[in-house]
Structures are given as C-alpha cells and as structure tokens.
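So the chains spell out like this:
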Amino acid sequence: MCGCRSVCVAWLVAFTHLLQSPVFSLSTPQQALRTCHPIGNPSELPVLKKEGDINLGGLFSLHDTVTEPDLSFTSQPGPVQCSGFNFRTFRWMQTMIFAIEKINRINSLLPNITLGYRIYDSCSTHFHALRTAMTLMGGSEEENASTSCSGTVPVSYFSSCACLSNKLQFPAFLRTMPSDFFQVDALAQLVKHFGWTWVGVVAGDDAYGRGGAQIFVDKVRMIGACIALHEIIPKNHGQVLMSGIVERIHRSRARVVLLFALEQDAGALLKEALRQNLTEIQWLASEAWITAAVLSTAEFHPILQGSLGFAIRRAIIPDLQPFLLRLHPSMDPEDPFLQQFWQESFGCQLLGGGEMISTNKPACSGAEDLANLHNIYTDVSQLRISYNVYKAVYAIAHALDVPLSVCSQSCPPGTRKANKPNAAICCFDCVVCAAGEISNQTDAIECVQCLPEFWSNPRRDACIPKDVEFLSYEDNMGMTMLAVALVGSCCTLTVTFIFACHRTTPIVRANNSELSFLILSSLWLCFLCALPFIGEPTTWSCMLRHTAFAITFSLCISCILGKTIVVLMAFQATLPGSTVMKWFGPLQQRAMIFMGAVVQVVICGVWLAVAPPTPRRLLSRESSRVILLCDLGSALGFSLVLGYIGLLSTLCLLLAFLARKLPGNFNEAKLITFSMLIFFAVWVSFVPAYVSSPGKYSTATEVFAILASSYGLLACLFLPKCYIILLKPEKNTRKHLMSKFAH
C-alpha cells in the first residue's frame, strides 16, 4: 500500500466512453514515472472530493451530453458545459460515497485507515471522459511534485465489453460486471429457441455496441439464422440519420431486432421509432437499457411491450435509501453536482449557487423534501448497477486489507524466485539479482541483464547509465599527477634560470653548455607531455599524448647521447695526433640530435597516418563503469615508439659506461650512466604494470613512468651541478675541474 495521500490510491472511474464501460480503479506505486498533463486547466473541471489516507477516484456519466463549444480558433475555449442531468447515475455516485463512509465506520476492515474520494463527471462523451480520467490519474501539480505514485488498476462496475477480457491488452483491468460474451450467448439461444431466422441488429457507435453486436452476429449465423440488417447509431443522434435507420428497419421486414447500445443511444433510436409508429417489432435488449426507467414509461409501451433482455443481478443494499434521502443543498455548498440535482428534482432555482436552469423557474425554498420525491433516484427497488458500484468499493477495500495464507512471501522487485529443494512450488526463496541484472516486477521468475551501457541500481529494480571512468582532473589521482607534472616543469625552469645566471662558470660551460640548455628544454617538454594524458580522451588528445611523449623523450635522449659522445670524444682528442674532434664539432652535434629526433617523428607520422590512437569506450557486462580510454590504434606503432626510445637509451648507457672511468673531478659520464639506469628501471617495470592495470590506472601508470623518468634525468644530470653552483662555489673553478685530469 502506498504512503502517498491523494493520488496513490484506489480510484473509481466511469470509463463508459473510454472503454464503453464505467470502472473503478486502484492506483499503485510505479518505479518509472511518466506524467500526463491534460490540455487546459484541470481545476476547471467540477469535482466532488473528500480527502482521506487513501482516496478512491470515480468517473460517472452524470450528464448525457456535452454542449458543443463555439470553436472560433481565435481564443482559448471556455469551460466544458454538460447538459441532460442523469438521476440514475447520480444514485450510482451516491452509492459509492455510501460504501466509502460505511467502510470508514467499520474499523475492522481498514483499521487506522480512512478512505476518501474524488469524483468527476464524464458527461457521456469520449473526449471529456478521457480528460477527466487523465486529471484523476495525474492529480494536481503540487501532488505530482511531491509523490512518486501514479499507476492505476481499473475496477469496473459497468464495463461489460468482451474486449476487456483480453489480458494482453488490459492486463490490470478488473470488474464486478460479467462480460458481454455471456449475455450475447444467451440472446443467441433465445433466437434459436424461438426459431427466428431473419434478425436485425442495431448497435451503438462504440466498443460496447459494436463488439457486442458482432459477437451476436457470429453466434446467430452459427445456428443458421440470417442478419436482415446491421445498423450503427451515430453519437450525435442526428435526426436525418436516426430517421434513416428506422426506415431501413421497416423496409427490412425483420420482426426481431437486437438493440445493443447504451441507454442514451437506445433512447434516441426508440424516440424516432415511436415518432414513426414502428410497431410489431420484437426488441431484444442489451443489459444497458433493458431496465432503464425512462424507457419503461407509458410513452414507450406501444413499441416496447414484450421486449426481451437479460438484466444485471438485482440486490438490496441495507440503509442506502435513508442515505440517499439525506441530501440537502445546505449540506455542502461546494458540491458542484448537488445544486443542479436539487434544481432538476424540484423544478426550482437555487439563489446564489448552482447552475441557473431557467430564469422563469420559482426560487427553491429549502423546505423541499426528497422523501416526497418519486423518481429513479429515490427508487431503490431495482438496485443493479448501484450494487456493482457497492461491490467494487468493497473489493478495493478488501484488496487493501486481505489476510495472507502463503508458504513464502512475494518476492519484491529487485529479486527473483528460487525454488526450494524438495519443497512445493509455492515455497521459494527470494534471491537478490546479481550485479548488472534487475527485476522490476513482483515474483519475477528470473532477473534481466542490463544493456552494456547500463548497470543495475542499488535496489536492483532499474537499469541506470553506467558511470564513465577516465583519469580526470577532478579525482585525487588526476590532481596529484597534474601537481607533480607542474612541479617538475617548475623545477626544470628553476634549473634553467640557475644555469643561465651562471652560464659563464666552468661547470656550466663544461661539455658544451648549449647541449645542457637543450636537455633542460626537452625535459621541460617531457613534464608537460604528461598533461594530455589527464582529462577525457578526445581524438586530438589521444593522438597528441603518445606522439608528444615519443618525440620529446627522443629529443631528450638524443641530447644526452650527444653529450655522452662529446664527453667520450673529448678525452680521445687529448691523445697525440688525434683529429677526432673535428668530426664532433657543434654543427655535427646538432645534426646528430636532429637526426635522432627526426627518426621518431617519421615513426609517429606513419603511425598517425595508418592507425592513429582514437578514443574508445570499454563496455563490459561485468563492470559497473564505462571505461573511456585511448585505443593505441596500432600496437606495432606503439612498440616501435618505445623500442626506438629504448635503442637510444641503450646506446647512451653503453657509451656512458665506457666513459665512467675517464679522469676529471667532474666526470659527467658517471651521472649519465646513473640516470640511464634509473630510466631503464622505470620503463622496464612500466610494461607489465601497464598491461595488468585496469581502466584509468593503465593511463596513470604511463603518466607515472613519464614523470618518474623525467625526474630521474633532471635529478641525476643537474642536481649535482646545482649543488656546486649554489652551495660549493669554490669547486666551480677550472683548476678544480681539471685537477684530477692534470694529476
């Protein structure tokens, strides 16, 4: 049972002109909402309401028709005006209120729960019935904003259409009224019993009339009878059309005619038949009009005497008549229907309230007494539909409070039924759906797998979009990587500034200061090339991150390789007769560094042209996240990039290792050797870590390798020099640097 107040509850609905049958309806909570908003202002619709913990809604055809508005299409149409007050339907509505108040007085049925109601007039018209039904289901704007209950289960008290028995189309439809299939079968048996073989059929232009008439036609043809004519009563009851139907009945020479229509449609046809004096017709009546009081008057005796039909079961409802007679306009001045009922009943006009029926009617005195009134409203000797209304209200009340005798409680949404071993089929366990699976109905047999882009919510009763995962600037890991990269770039700029300020000192000028500044520039780019790896992958960032990393590191290692060769060749040049340095002058060094970087540029260019890295979404049914990453495009291209950097690093390491024992107080080859060992250690450990890391952690592993190797190169190559420049300036002399070599 829903905990909401107005909308989430049972409602009585008269769908006579939606499904051609009045209905009650029970509203239930729904997991996924779809809110409907009627056109116009729902507050314009007259409503009789009384709030309760649980509210029943009702639609009744309190009027027979709707006055056609003047549609100029230049302004908003005015409120709908209904005409032709129906006392019979007004009694049905009062029976609903009677049953609700009786249940509220009996605490044993719904203890601590008060039923309320909301009642609308469908005016016997399709579009108005639909509008009032949608208003009843949708509730007010305030309620729509504060509650999540909106589903409805119709419980009909007058819906006899056989079409409503189709549980595929109407799975939740319930009723206290038998299907037309049974009465039509009985009518066909009458035809067979009396030996009628030439039968006419006239039906109302709705699902009730058309459906019932078609079943009758099929039945009588099966027993060998023929259909003399098959006519449809138009809903507008046009004089010309109605006259034509009666004339065709007369010309058909059929003496038995089935009239399967609602009371209003049947009455319109029979009035025209009376006008044309269509006698000697044996009418077969549907239950909708066979007991209608208005057609039982002396006026219709000439044409309706001897009519046959099957009536709805009659019953006695104790204490209903005193309840009906209690009404008085002073009881509820806000009741939009009571005022007109009183004026129509006594032929007077209420001053200051209600609808003005006619200006020439006397004013109501207030002393009028319903006990002195004799019409279909006060007559409780033929309670048929009223009893169906009464039963429908009680059916809903019992549904809200029915004792259970079950082996196992129903499995709620989010679970599935699992039969217990060696137990009856009614005994089962409720098993929570596995992650990624849902069940959105009670007593589900199995859970349903969510689509790859979706994941089950914590309640396992709905699929929700998966979270997208990538190395973001917003998460802690991304912010940490960003901070480390920016600190590294700042440190590189600081070292560059120190070297620039002391560019004339021996330790900076040693081994080509131009190469030192070029290495610092490439290291600064190495720190910055980690930034494209952070953030949501795009086509451009995927291509930039790997190519920028490859080219900047190739440039950096090429510079270090050039410096190593210069160190090695510088000592070889000191040997007598050596001319080796002419092959390793500044121009040759630049050319060597340029060639080292150009080879990597060519590799990256071919990689981007053939199979560039692109953004990719990894959709795993076993994961609650969509992993957004950069697909390498070509594993061979990525391998060639790393392989070329590895080749340059290997050459640099071998040459630095050969030069490590050369003389000099500041032999840079030792620092290069140590930096290359750190570089190799980082990237050798990177490969298995990258392959085994899931999702964004593989990207973080690559960023870590870039930053760790960059910090290693910066620290090993330049930290000792900065130490001497800033803290040991006495060692920053040519004499000190050359002392070991001179020795």
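So, here's what we can say about the structure. Please read these numbers as outputs of a predicted model, since none were measured by experiment. (Residues numbered from 1 in each chain as written. Predicted model: local features only at pLDDT ≥ 70, side-chain atom pairs only at ≥ 80, totals over all residues. Heavy atoms only, no water.)

As a further point, take the overall build of the protein chain. Across its full length, the protein chain holds 20 helices and 23 strands. For the protein chain, restricting intrachain contacts to residue pairs at least 6 apart in sequence, the fraction spanning at least 24 positions comes to 71%. Accessible surface, the protein chain: about 36100 Å² in total, of which carbon and sulfur atoms supply 60%. (Helix = DSSP H or I, 4+ residues; strand = E, 2+ residues; numbered from the N terminus. Contact = heavy atoms within 4.5 Å. Areas by Shrake-Rupley, 256 points an atom, 1.4 Å probe, with all protein chains shown as cover.)

As a further point, take the sheet that holds strand β21 (residues 467–469). In spatial order, the strands read β21-β23-β22; together these three strands make up an open sheet with mixed pairing. Of all the strands in the sheet, the pair left with one neighbour each is β21 and β22 (614–618). The mean inter-strand angle of the sheet, taken between neighbouring strand axes irrespective of direction, is 30°. The pairing of β21 with strand β23 (residues 625–631) spans three bridges and is parallel. Bridged to glutamate 469 within β23 is isoleucine 627. (Pairing = 2+ DSSP bridges. Axes fitted to C-alpha atoms, helices over the stretch in contact; angles between N-to-C directions.)

Attention shifts here to the state of the cysteines. If you walk through the whole model with that rule in mind, you get eight disulfides. With its sulfur 2.4 Å from that of its partner, cysteine 161 forms a disulfide with cysteine 163. Disulfide cysteine 161 to cysteine 163: torsion about the S-S bond roughly 125°, handedness right-handed. When its relative accessible area of 2% is taken as the criterion, cysteine 161 is described as buried. The exposure class assigned to cysteine 163 is partly exposed, which follows from its relative accessible area of 32%. (Disulfide = S-S within 2.5 Å. Buried < 20%, exposed > 50% of the residue type's maximum accessible area, 1.4 Å probe, protein only.)

This part is about the layout of surface pockets. Any empty space left between the atoms is revealed when a probe the size of a water molecule rolls over them. Here the second largest pocket is characterised by a volume of approximately 910 Å³. Looking at the second largest pocket, it is lined by 36 residues, and the ones nearest its centre are Asp64, His237, Glu263, Gln264 and Asp265. Contributing elements (two or more residues each) for the lining of the second largest pocket: β5 (63–67), β6 (81–85), α1 (87–105), α2 (126–138), α6 (239–252) and α7 (263–275). For the lining of the second largest pocket, the element with the highest residue contribution is α7, accounting for seven residues. Of the residues belonging to the lining of the second largest pocket, the class tally is 12 nonpolar, 15 polar and nine charged. (1 Å grid on protein atoms, 1.4 Å probe; cavity = no way out; pocket = protein on both sides within 12 Å on 5 of 7 lines; lining within 4 Å. Points joined across faces, edges and corners; volume = space filled by probe spheres on them. Nonpolar A, V, L, I, M, F, W, Y, C, P; charged D, E, K, R; others polar.)

Attention now moves to the nonpolar core. Counting residues in each nonpolar core, the largest one holds 76 residues, and the members touching the most others are Phe60, Phe90, Met96, Phe216 and Phe341. If sequence neighbours within four positions are ignored, phenylalanine 216 has contacts with Val184, Leu187, Ala188, Val191, Val199, Val201, Leu258 and Leu284. (Core = buried A, V, L, I, M, F, W, Y, C linked by side-chain atoms within 4.5 Å.)

We now examine a nonpolar patch on the surface. Taken together, the side chains of Leu493, Trp524 and Leu525 present a nonpolar region at the surface, about 250 Å² in accessible area. In this structure, leucine 525 sits in helix α14 (residues 513–528). (Patch = residues over 30% accessible without salt bridge, like charges linked within 9 Å, V, L, I, M, F, W, Y side chains within 5 Å. Salt bridge = Lys/Arg side-chain N within 4 Å of Asp/Glu carboxyl O.)

For the rest of this paragraph, the subject is the packing of helix α18 (residues 668–692) against helix α19 (residues 696–727). Viewed as axis vectors pointing N to C, α18 and α19 meet at an angle of 175°, and their least axial separation amounts to 9 Å. As judged from the angle between their axes, α18 and α19 are roughly antiparallel. For the contact of α18 with α19, a count of residues per class yields 18 nonpolar, five polar and three charged. (Parallel < 35°, antiparallel > 145°, perpendicular 65-115°, else oblique.)

Let us look at the sheet that holds strand β14 (residues 308–309). Strand order in the open sheet formed by five strands is β11-β10-β12-β13-β14, and the pairing between neighbours is parallel. Among the strands making up the open sheet, the edge pair consists of β11 (226–233) and β14. Most of the contacts of helix α5 (residues 207–222) go to strand β10 (residues 198–204), to which it runs at about 165°, and overall it touches β10, β11, β12 (256–260) and β13 (282–285).

We now examine the side chain of glutamine 600. As for its placement among the helices and strands, glutamine 600 is situated in helix α16 (residues 586–610). In contact with glutamine 600, other than residues within four places in its own chain, are Ala550, Ile551, Ser554, Val641, Tyr644 and Ile645.

Think of two packed helices as two axes; the pair is described by the angle between the axes and how far apart they sit. Running from amino to carboxyl end, helix α4 (residues 180–194) crosses α5 at an angle of 40°, the nearest separation of the two axes being 9 Å. Looking at the two axes, α4 sits oblique to α5. Relative to α5, α4 is oriented so that their crossing is right-handed. Each of Asp180, Phe181, Gln183, Val184, Asp185, Leu187, Ala188 and Val191 in α4 lies in contact with α5, whose residues at this interface are Tyr208, Gly212, Ile215, Phe216, Lys219 and Val220. When the residues that make up the contact of α4 with α5 are grouped by side-chain class, the tally is nine nonpolar, two polar and three charged. (Left-handed = near helix turned anticlockwise from the far one by under 90°.)

Next up on the list: the pattern of salt bridges. All told, the structure shown has 14 salt bridges when counted by the stated rule. Between glutamate 263 and arginine 88 there is a salt bridge, and its shortest N-O distance comes to 2.8 Å. A residue pair is termed long-range when its members are at least 10 positions apart, and glutamate 263 in helix α7 and arginine 88 in helix α1 qualify at 175 residues. A relative accessible area of 18% means that glutamate 263 is categorised as buried. Put simply, lysine 235 and aspartate 265 hold a salt bridge, and the shortest N to O gap is 2.7 Å. You can see lysine 235 sitting in the loop between β11 and α6 and its partner aspartate 265 sitting in helix α7, a full 30 residues away along the chain. Exposure remark for lysine 235: the relative accessible area of 31% places this residue in the partly exposed category. The exposure class assigned to aspartate 265 is buried, which follows from its relative accessible area of 2%. Three or more residues joined by partner-sharing salt bridges are found here, namely Asp206, Lys235 and Asp265.

Now for the environment of cysteine 407. Along the chain, cysteine 407 falls in the loop between α11 (385–400) and β15 (415–419). Taking the C-alpha atoms as reference points, cysteine 407 and isoleucine 425, 18 residues apart in sequence, are found 9.4 Å from one another. Ignoring any residue separated from it by four or fewer positions in sequence, one finds cysteine 407 in contact with Cys426 and Cys427.

Secondary-structure assignment places aspartate 467 in strand β21. Sequence-wise, aspartate 467 and tryptophan 455 are 12 residues apart; in three dimensions their C-alpha atoms are separated by 8.8 Å. Ignoring any residue separated from it by four or fewer positions in sequence, one finds aspartate 467 in contact with Ser624, Arg625 and Val626.

Three or four residues apart is the spacing at which side chains of an α-helix point the same way, because the helix has 3.6 residues per turn. Under the 1.5 Å per step criterion, the end-to-end length of α18 is 37 Å for 25 residues, consistent within 8% with the ideal 36 Å. At phenylalanine 686, α18 shows its largest kink, close to 30°, and the proline proline 688 lies no more than four residues downstream. For α18, the complete set of buried residues consists of Glu668, Ala669, Leu671, Ile672, Thr673, Ser675, Met676, Phe679, Val682, Trp683, Phe686 and Tyr690. (Expected span 1.5 Å × (residues − 1). Bend = angle between axes of the 7 residues up to and from the residue.)

A separate point is α6. Between its first and last C-alpha atoms α6 spans 20 Å; for 14 residues at 1.5 Å apiece the expected length is 20 Å, and the two agree. Looking only at α6, the buried set comprises Met242, Ser243, Gly244, Ile245, Val246, Ile249 and Ser252. Its buried side turned inward, α6 meets β10, β11, β12, α7 and β13. Just downstream of α6 lies arginine 253, where phi reads positive at about 65°.

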